[in-house]
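Structural characterization, general
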Amino acid sequence: MLDERARTLLKALVEHYIADGQPVGSRALSKFSGLDLSPATIRNVMADLEEAGFVASPHTSAGRVPTARGYRLFVDSLLTVQTLESRQLDQMEEALHGLPANQIIANASQLLSSLTHFAGVVIAPRRASNRIRQVEFLSLSEKRILLIIVTTDGDVQNRILNSDKAYTPAELVSTANYLNQNFAGLDFEQIRQRLSSEIQQLRDDIKPLMSLALDAGDAALAENTKPCVISGERNLLDVEELSSNMKRLRELFDLFEQRSSLMRLLEVSNRAEGVQIFIGGESGIATLDECSVITAPYNVDGQVVGSVGVIGPTRMAYERVIPIVDITARLLSSALSYKNEN
């Protein structure tokens, strides 16, 4: 256990280092800690903190920087979380309401990224299937057709079909009507199974169009249900601690691309209450050794269905990022639960 003097100096050191990224010396600590201590006393306390593993001395500087253990103590017991301004809360709420579910998820990821200037991540609810409410075909040119798909939860997807033959407007309307009248409420796999038994009843001229529509619809809705949405990865290129190590940066972008390890980490949040903070090696993912991940679960109608998170350097303004993640999760829960009721 640290005494109050050591805790005050550690808090001042972490806050000062987060603010300007430079190792913090005894003179700066004397100024920013508010304690009436001699430089010799401060150096002695810093030596004790270093021996205990809370701070470290870079080889090129007489100052000290916090370690992952120092950040952990700071976050757990020394941090004063900021309150977000009401104007900012209103903007966040506006960005997450009155939209299709998939757009709400995408906006939440972008919101986390834009507010923190790091990478925002959302694990989306897993949906067993996407059922169609309505499809429509619109002729773009002689052999190019726009397929418009509206799902039962209000999502809209567009896909361009390249056909081998030209279809008249009447044929496009007829095909859309056939799908809407016979298959509304089903997903594309169920439609495919039903059509396999009814294919002989279809006119030969619309069979190719039907096949194109099923393939494109499957692809569109599969893409629309990617369980992990990431925004703002490029923000990390502006973080000096990460961009100075190109090998680690490439590994980090590979992690974003593959996503499976990241998803497992964020899904831990689904089994916990409130905000979870993984600092450095606590994530269990070697690529994130120099990063912190802050996550929070969100729910729909009281049932936890996913989580949101921010990935950035260990030197981040935790007092700002933690409430942003927490409130985004709460607003996402509210927006999706409200949509579920309507």
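Thresholds, definitions, all that
- Residues numbered from 1 in each chain as written.
- Predicted model: local features only at pLDDT ≥ 70, side-chain atom pairs only at ≥ 80, totals over all residues.
- Heavy atoms only, no water.
- Patch = residues over 30% accessible without salt bridge, like charges linked within 9 Å, V, L, I, M, F, W, Y side chains within 5 Å.
- Areas by Shrake-Rupley, 256 points an atom, 1.4 Å probe, with all protein chains shown as cover.
- Salt bridge = Lys/Arg side-chain N within 4 Å of Asp/Glu carboxyl O.
- Lys, Arg positive; Asp, Glu negative; His and termini not counted.
- Charge placed at Lys NZ, Arg CZ, Asp CG, Glu CD.
- Helix = DSSP H or I, 4+ residues; strand = E, 2+ residues; numbered from the N terminus.
- Buried < 20%, exposed > 50% of the residue type's maximum accessible area, 1.4 Å probe, protein only.
- Core = buried A, V, L, I, M, F, W, Y, C linked by side-chain atoms within 4.5 Å.
- Contact = heavy atoms within 4.5 Å.
- Polar contact = N/O pair within 3.5 Å; in protein donor to acceptor, adjacent residues only side chain to side chain.
- Phe/Tyr/Trp six-rings, centres within 6.5 Å; stacked < 30°, edge-to-face > 60°.
- Axes fitted to C-alpha atoms, helices over the stretch in contact; angles between N-to-C directions.
- Parallel < 35°, antiparallel > 145°, perpendicular 65-115°, else oblique.

1. Details of a negative patch on the surface
A contiguous patch of negative charge on the surface is contributed by Asp-3, Glu-4, Asp-48 and Glu-51. Along the chain, Glu-4 turns up in helix H1 (residues 4-20). Judged by its relative accessible area of 58%, Glu-4 is exposed.

2. A closer look at the nonpolar core
In a soluble, globular protein the nonpolar side chains are often hidden away together inside. Of all hydrophobic cores here, the largest spans 79 residues; its most connected members are Leu-252, Leu-288, Val-308, Ile-311, Tyr-318 and Leu-332. If one sorts the elements of this core by residue count, helix H13 (residues 318-341) sits on top with 11 residues. Among residues more than four places away in sequence, those in contact with Leu-332 are Leu-96, Ile-104, Ile-105, Ala-108, Val-122, Tyr-298 and Val-308. Counting 22 residues, the second-largest nonpolar core is a separate cluster that includes Phe-137, Leu-186, Phe-188 and Ala-213.

3. A word on the environment of Thr-116
Counting through the fold element by element, Thr-116 comes out in helix H6 (residues 101-116). Assessed through its relative accessible area of 4%, Thr-116 is described here as buried. Beyond its immediate stretch of four places on either side in the chain, Thr-116 contacts Val-310, Val-321 and Ile-324. A polar atom in the side chain of Thr-116 sits 2.7 Å from the backbone oxygen of Leu-112.

4. Notes on a nonpolar patch on the surface
Together, Leu-138, Leu-140 and Ile-160 make up a nonpolar patch on the protein surface, roughly 250 Å² of accessible area in all. The residue Ile-160 is located in strand E6 (residues 156-162) in this model. With relative accessibility at 45%, the residue Ile-160 sits in the partly exposed group.

5. Examining the pattern of salt bridges
For the structure shown, the criterion picks out 10 salt bridges. Of the charged contacts, one joins Arg-87 and Glu-85 as a salt bridge, the two residues approaching to 3.1 Å between their closest N and O atoms. Given a relative accessible area of 49%, Glu-85 falls into the partly exposed group. Between Arg-315 and Glu-241 there is a salt bridge, and its shortest N-O distance comes to 2.6 Å. Remark: Glu-241 occurs in helix H10 (residues 240-243) and Arg-315 occurs in the loop between strand E10 (303-313) and H13; sequence separation between them is 74 residues.

6. Some details on the packing of aromatic side chains
The geometry of an aromatic ring pair is captured by two quantities: the separation of the ring centres and the angle between the planes. Under the defined criterion, the tally for this structure stands at three aromatic pairs. On the basis of an interplanar angle of 65 degrees and a centroid distance of 5.8 Å, the ring pair of Tyr-178 and Phe-183 is categorised as edge-to-face. Aromatic side chains Phe-253 and Phe-256 sit 6.0 Å apart centroid to centroid with 80 degrees between the ring planes, which places their arrangement in the edge-to-face category. Note that Phe-253 and Phe-256 are positioned in helix H11 (residues 246-258) at a spacing of three residues, about one turn of the helix.

7. Considering the packing of helix H5 (residues 86-95) against H6
Each pair of packed helices gets described by two things: the angle between the helix axes and the distance between those axes. Two elements in contact, H5 and H6, have axes whose closest approach is 10 Å; the angle formed by their N-to-C orientations is 150 degrees. Judged by the angle between their axes, H5 and H6 are roughly antiparallel. Facing H5, whose interface residues are Gln-88, Met-92 and Ala-95, H6 presents Asn-107, Leu-111 and Leu-115.

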